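What follows is each chain in one-letter form.
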Amino acid sequence: MYLTNEEEKALEGEFGEALEKAMRILVAIGEVYGAERLIKISSAHISGVSYKTIGDAGLDFLQDLASLGAKVRVKTTLNPCGMDPIKWRSLGIIDEDFAKKQMKIIESYTHMGVEPTLTCTPYYISNVPKYGEDIAWAESSAVIYANSVIGAKTNREGAPSALAAAIVGKTPMYGYHLEENRIGTEKIIVKMDLEDPADYGALGIYVARMNVKVPYFVLDGKALNLSIYVKYLGAALAAEGSVAMMHIEGFTPEWNKYKHEFSDKIIVEKDDIKEIFEEKSCEDEEDLIALGCPHLSVEELRGLLKYRPKRTTWISIGMDMYKAHKDLINELERRGYIIAKGTCFVVSPIERKFKVTATNSGKASKYLPSFCKQCVILRRTKDLLVISDENSC
Ligand code: F3S
């Protein structure tokens, strides 16, 4: 891979050990994927934040890097951590040791200049890339959203490579940074209505199982709240498969930019999606209802005022959303919802308290059994909550 003089010096350690380590990661990745050179990025988003997932080894790595003086050079935001950093005691699943170590992880990141937004939907408030920008994001649901809905360009970074890119301010030029890899590869005709996040998620799971690469959707039925619920389709595609980019005819910004080359045409009907719901229908009754995977938008939060919880109901949101809409969030709390801010029910140790979780998220339905030992139920929002008799304004 071609490196500028400055990049060569950084790789040789002339600008310090932290930059050298970050450069080594990027050069190794660039060489594996045949990147021609490094390109500048406008932002990074980092996963690998929960103590539950990265453990002591991850904490040690971050503390070492921070002590070497590592600093990010571009706007960099952080994925959810393993607990609500403010109200962790009240959720009843976190002990002192977990909390102490979780806070140290966040401190290490902030020491490096990373913003502790603790959200997987940074694109709402805290980190909003523009069309065509090169970025280096981890968190697969945010990657597919950025590529497909915003038209920014990112590969599916891992936690170390996103952090390395943030420290260098660059990323190797390969994969989805190149137009030839953004072309649609399978045409998916959806002959059914999509009315709820759960429908979008079930569709994502079904299509991901066809081993698609860059699916190009034609939505033949109704697509209710497409601009809000599209994140559930992307998140499920990314979790069930390894999809990082999709097109939706007439909706996503690059749908008519390329001459797509379809190797397959797949028709999806109502009965196909019904099978996904049947597969994810634990026989036991749920003891937790989990909403907000990916983290909720302000429109979705307002929509929840129409309902009230019928049993323990977690809502996951980012710290940026919490700070921007405190009154709305206090009102939801007053109505009985539990606001899990800066975290989510997948990356926190909910298995310490719950056994059966019902959710409207396809992605969560994929991860809850393996990450949290949950028996899972995928269900539409209106069937998880009850209509509220209070005014929704
Ligand atoms: Fe976000 Fe957690 Fe789901 S990080 S996408 S809410 S698994």
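Everything quoted here is computed from the prediction, not taken from an experiment. Chains are numbered independently. Their residues run from 1 in the order of the written sequence. Predicted model: local features are reported for residues with pLDDT of at least 70 only, side-chain atom pairs are reported and counted for 80 or more only, and whole-chain, interface and lining totals are derived from all residues. Note that water and hydrogens are dropped before the side-chain values are worked out from all heavy atoms of the structure.

1. Some words on the pattern of salt bridges
(1) Moving on: Criterion for a salt bridge: a side-chain nitrogen of Lys or Arg within 4 Å of a carboxyl oxygen of Asp or Glu. On inspection of all chains with the given rule, the structure shows 25 salt bridges.
(2) Moving on: Close ionic contact of Lys363 with Glu139 constitutes a salt bridge, the shortest N to O distance being 3.0 Å. One end of the pair, Lys363, is in helix α13 (residues 362-372); the other, Glu139, is in the loop between β4 (136-137) and α5 (140-150), and 224 residues separate them in sequence.
(3) Moving on: Exposure categories follow from relative accessible area, calculated using a 1.4 Å probe and restricted to protein chains: below 20% of the type maximum is buried, above 50% is exposed, and the middle band is partly exposed. With relative accessibility at 12%, the residue Glu139 sits in the buried group.
(4) Moving on: The salt bridge partner of Lys257 is Glu179, with a shortest N-O separation of 2.8 Å. Residue Lys257 is found in the loop between β8 (247-248) and β9 (264-269), and its partner Glu179 is found in the loop between β5 (170-172) and β6 (186-191); the two are separated by 78 residues along the sequence.
(5) Moving on: Look at the salt bridges and you will find they share partners, linking Glu285, Glu286, Arg311 and Arg379 into a network. For the purposes of this entry, the term helix denotes a DSSP run of H or I that reaches at least four residues, the term strand denotes a run of E that reaches at least two, and both are numbered from the N terminus.

2. What about unusual backbone geometry?
(1) Moving on: Each neighbour pair has its own omega, and for Cys293 with Pro294 the value is -5 degrees, a cis peptide bond.
(2) Moving on: Inspection of the secondary structure puts Pro294 in the loop between β10 (288-291) and α10 (298-303).
(3) Moving on: With a phi close to 75 degrees, Glu139 is a non-glycine residue in the positive phi region.
(4) Moving on: Even without a glycine there, the phi angle at Asn211 is positive, about 55 degrees.
(5) Moving on: Locating Asn211 in the fold gives a position in the loop between α7 (197-208) and β7 (215-219).
(6) Moving on: Look at Asn211 and you get exposed, because its relative accessible area is 68%.

3. With respect to the side chain of Thr77
(1) Moving on: With respect to the secondary-structure elements, Thr77 resides in strand β3 (residues 75-78).
(2) Moving on: When its relative accessible area of 0% is taken as the criterion, Thr77 is described as buried.
(3) Moving on: Side-chain polar atoms of Thr77 contact the side chain of His45, separated by 2.8 Å.
(4) Moving on: In this structure the side chain of Thr77 is engaged in a polar contact, spanning 2.9 Å, whose partner is the side chain of Asn127.
(5) Moving on: Note on definitions: a residue-residue contact is assigned when non-hydrogen atoms from the two residues lie within 4.5 Å. Ignoring sequence-local partners within four residues, the contact set of Thr77 consists of Ala44, His45, Ile46, Val114, Glu115, Thr117, Pro122, Ser126 and Asn127. The term polar contact refers here to a pair of N or O atoms within 3.5 Å; inside protein, the definition further demands a hydrogen-donor-capable atom paired with an acceptor-capable atom, and it admits residues adjacent in sequence only when both atoms are side-chain atoms.

4. Some remarks on the sheet that holds β10
(1) Moving on: A sheet is described by the order of its strands in space; here five strands give the open sequence β13-β12-β10-β14-β15, paired in parallel fashion. Of all strands in the sheet, those with a lone pairing partner are β13 (338-341) and β15 (375-378), marking the two edges. The sheet shows a mean angle of 25 degrees between the axes of neighbouring strands, taken without regard to direction.
(2) Moving on: Note: two strands are recorded as paired if DSSP finds a minimum of 2 bridges between them. Where β10 and strand β14 (residues 356-359) come together, three bridges link them in parallel fashion. Each residue of the ladder has a partner; that of Ile289, found in β14, is Ala358. Between the N-to-C directions of two axes lies an angle of 0 to 180 degrees, each axis being a line fitted to C-alpha atoms and, for a helix, fitted only over the stretch in contact.

5. Some points on the packing of helix α3 (residues 51-67) against helix α4 (residues 96-111)
(1) Moving on: With their axes 9 Å apart at the nearest point, α3 and α4 run at an angle of 40 degrees to one another. Between α3 and α4, the angle falls in the class oblique. Between α3 and α4 lies a crossing of left-handed hand. Between α3, through Tyr51, Lys52, Ile54, Asp56, Leu59, Leu62, Gln63 and Ala66, and α4, the contact on the second element is made entirely by Phe98, Lys101, Gln102, Lys104, Ile105, Ser108, Tyr109 and His111.
(2) Moving on: We call Asp, Glu, Lys and Arg charged. Ala, Val, Leu, Ile, Met, Phe, Trp, Tyr, Cys and Pro are nonpolar, and the rest, Gly among them, are polar. Taken together, the residues of the contact of α3 with α4 break down into eight nonpolar, four polar and four charged. To sort the angles, those under 35 degrees are grouped as roughly parallel, those over 145 as roughly antiparallel, those from 65 to 115 as roughly perpendicular, and the leftovers as oblique. Less than a right angle of anticlockwise turn of the near helix away from the far helix marks a crossing as left-handed, whereas a clockwise turn marks it as right-handed.

6. Considerations on the sheet that holds strand β2 (residues 43-46)
(1) Moving on: If you walk across this open sheet you meet the three strands as β3-β2-β4, and the pairing is parallel. With partners counted over all chains shown, the strands left at the sheet margins are β3 and β4, one partner each.
(2) Moving on: Sheet topology places β2 next to β3; four bridges connect them, and they run parallel. Paired with Ser43 across the two strands is Lys75, which belongs to β3.
(3) Moving on: Strand contacts of helix α6 (residues 159-168): β2, β3 and β4, with the helix running at about 150 degrees to β2, the strand carrying the most contacts.

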